[in-house]
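Summary of the model geometry
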Amino acid sequence: MRGRLWRRADPALPEERRRELVAELMAARRAKGVALRAGDRDGAAAARERVQTTKEALGERGPVWWSGSEPDLTGRMARTTGYADWFAALPADGP
């Protein structure tokens, strides 16, 4: 996304569990938007915590789910990592 690397969900998650977590993530994001539009700071903070917790359960944040010594490059610009050549070869309008 905009040249940054983002961690995918843990591929070892059972598909049904992944779908449940994605549904929860979308609900938490909607709740955050509703709270922000209403000026509800406490509600927005609670929704942000739901988003964080769900993303950790998906494996998109928190401890890495893969084995080996590959670093977690989440949020880094692809062009400044070992993925620079791969990223440069992608079509300009996305993969």
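Use the structure listed above.
Residues numbered from 1 in each chain as written. Predicted model: local features only at pLDDT ≥ 70, side-chain atom pairs only at ≥ 80, totals over all residues. Heavy atoms only, no water.

Turning our eyes to something else, we now look at the overall build of the protein. When helices and strands are counted, the protein shows three helices and zero strands. The linear arrangement of helices and strands in the protein, starting from the amino end, is α-α-α. Computed over C-alpha atoms, the radius of gyration of the protein comes to 16 Å, more than 25% over the 12 Å expected from 2.2 N^0.38 for 95 residues, which places it beyond the range of a compact globule. Its C-alpha atoms put the protein at 45 × 30 × 20 Å along the principal axes. A sequence separation of at least 24 residues applies to 68% of the contacts in the protein between residues at least 6 apart. Counting every atom, the protein has about 7,000 Å² of accessible surface; 54% of that belongs to carbon and sulfur. For the protein, the separation between the mean place of its 18 positive charges and that of its 14 negative charges on side chains is 6 Å. (Helix = DSSP H or I, 4+ residues; strand = E, 2+ residues; numbered from the N terminus. Rg over C-alpha atoms; globule rule 2.2 N^0.38 Å. Contact = heavy atoms within 4.5 Å. Areas by Shrake-Rupley, 256 points an atom, 1.4 Å probe, with all protein chains shown as cover. Lys, Arg positive; Asp, Glu negative; His and termini not counted. Charge placed at Lys NZ, Arg CZ, Asp CG, Glu CD.)

One recurring pattern in soluble globular proteins: nonpolar side chains tend to sit buried together. By size, the foremost hydrophobic cluster in this structure holds seven residues: Ala 9, Leu 13, Leu 21, Leu 25, Ala 28, Val 51 and Leu 58. The dominant element in this core, judged by the number of residues it contributes, is helix H1 (residues 15–38), at three residues. If we ignore the near neighbours within four places in the chain, the residues touching Ala 9 are Leu 58, Glu 60 and Trp 65. (Core = buried A, V, L, I, M, F, W, Y, C linked by side-chain atoms within 4.5 Å. Buried < 20%, exposed > 50% of the residue type's maximum accessible area, 1.4 Å probe, protein only.)

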